[in-house]
Amino acid sequence: MASGDDIYATALTRKGQAYIEGTLVPKNDPNWSGPWDCAELCSWAVYQVAAIIYGCTDDTAAPPVADAYSGAWKDDAQAKGVVISIQDAAGTPGAMVLRAPTAQLGGHIVVSDGQGGTIEAKGKAWGVVQDTLNNRRWDFGILVPGVTYSNPVPVQVTPIGYTVYRYMQPMMNSPKVGEIQQALTNAGFDTGGVDDIFGTNTLNAVIAFQTANGLTPDGEVGPATAGALGVAFP
């Protein structure tokens, strides 16, 4: 029977392989060795273990062409899956943990190791790596129907203790945003000017900078993106 432990172990076999945003992975190819993106790794591991197409824009598509997407993981979880707390997901091997995308911001999804850690396709600069759930922004955990999971032993996940600079309503207005805008401008990414307001022009510049530098292209400025920009953080 398909288990969450098997999902985690399967995803872990791809540690060290390359990342390309938006790549399409044949879910039925057990020998696929990359590249990956975050949702493709999760959906591939589920299919390998449970022969279920899940977290794809069309879950009825043939396995070679089913396109995984973090937003589809959100939709599937809310429509036909099981949504659990981040703490329960952190203590459940093979559970997924999602930062859901919005109309403006990209999402990210990872596989929990059941001990507060992850296996994930993190970004071009990292590839597929083991990491932690701590000090990162998440929305909820996900269990896939048809998969058997061990009873969760909730793991406390340390919330972010600093401000993540991102597009939101009302828009963030801060001198630190101005520093980010200036650094983006200096790096050749147009923010439409330095006005201390994190609007759509700044968002697009952040995503372009992240993409060009192999960072997770989520449009958010946390420690990794700030460090790449040379902006002091927090």
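Structure: above.
Description of the structure in this document.

## What about the overall build of the protein?
In terms of regular secondary structure, the protein is built from seven helices and six strands. Along the protein, from the amino end to the carboxyl end, the secondary structure elements read α-α-α-β-α-β-β-β-β-β-α-α-α. The C-alpha extent of the protein, read off along each of the three principal axes, is 55 × 35 × 30 Å. Put simply, the protein has 234 residues, and 53% of those count as buried.

## Notes on the pattern of salt bridges
Side chains that differ in charge, positive against negative, can pair when their charged atoms come close. Overall, the coordinates contain eight salt bridges when judged by the stated rule. In this structure, Asp59 engages Lys80 in a salt bridge whose closest nitrogen and oxygen atoms are separated by 2.8 Å. One end of the pair, Asp59, is in the loop between helix H2 (38–50) and helix H3 (70–80); the other, Lys80, is in helix H3, with 21 residues separating them in the sequence. Exposure remark for Asp59: the relative accessible area of 19% places this residue in the buried category. A relative accessible area of 43% places Lys80 in the partly exposed class. It is possible to trace a salt-bridge network through shared partners that takes in Asp59, Asp76 and Lys80.

## Considerations on the packing of aromatic side chains
Per the counting criterion, the structure on display carries five aromatic pairs. Residues Trp36 and Trp44 carry aromatic rings whose centres are separated by 4.9 Å and whose planes lie at 65° to one another, so their mutual orientation is edge-to-face. A residue is classified by how much of its surface remains accessible, and Trp36, at 0% relative accessible area, is buried. Pairing Tyr162 with Phe233 gives two aromatic rings, centres 5.2 Å apart and planes at 80°, and the pair type is edge-to-face. Of this pair, Tyr162 sits in the loop between strand S6 (140–143) and helix H5 (175–186) while Phe233 sits in the segment after helix H7 (223–229), and the two are 71 residues apart along the sequence. Members of the aromatic cluster, connected to one another through ring pairs, are Tyr162, Tyr165 and Phe233.

## Quick word on the sheet that holds strand S2 (residues 96–99)
In space, the six strands of this open sheet follow the order S1-S6-S2-S3-S4-S5, with antiparallel pairing throughout. Two strands close off the open sheet at either side, each with one partner strand: strand S1 (82–84) and strand S5 (127–132). Neighbour to neighbour, the strand axes of the sheet diverge by 35° on average, direction disregarded. Where strand S4 (residues 117–123) lies against S5, six bridges are found, and the strand directions are antiparallel. Its bridge partner lying in S5, Gly123 is registered against Gly127. Helix H1 (residues 4–12) contacts S2, strand S3 (108–112), S4 and S5 of the sheet and is inclined by roughly 115° relative to S3. Strand contacts of H3: S1, S2, S3 and S6, with the helix running at about 70° to S6, the strand carrying the most contacts.

Procedures and definitions
Residues numbered from 1 in each chain as written. Predicted model: local features only at pLDDT ≥ 70, side-chain atom pairs only at ≥ 80, totals over all residues. Heavy atoms only, no water. Helix = DSSP H or I, 4+ residues; strand = E, 2+ residues; numbered from the N terminus. Buried < 20%, exposed > 50% of the residue type's maximum accessible area, 1.4 Å probe, protein only. Salt bridge = Lys/Arg side-chain N within 4 Å of Asp/Glu carboxyl O. Phe/Tyr/Trp six-rings, centres within 6.5 Å; stacked < 30°, edge-to-face > 60°. Pairing = 2+ DSSP bridges. Axes fitted to C-alpha atoms, helices over the stretch in contact; angles between N-to-C directions. Contact = heavy atoms within 4.5 Å.

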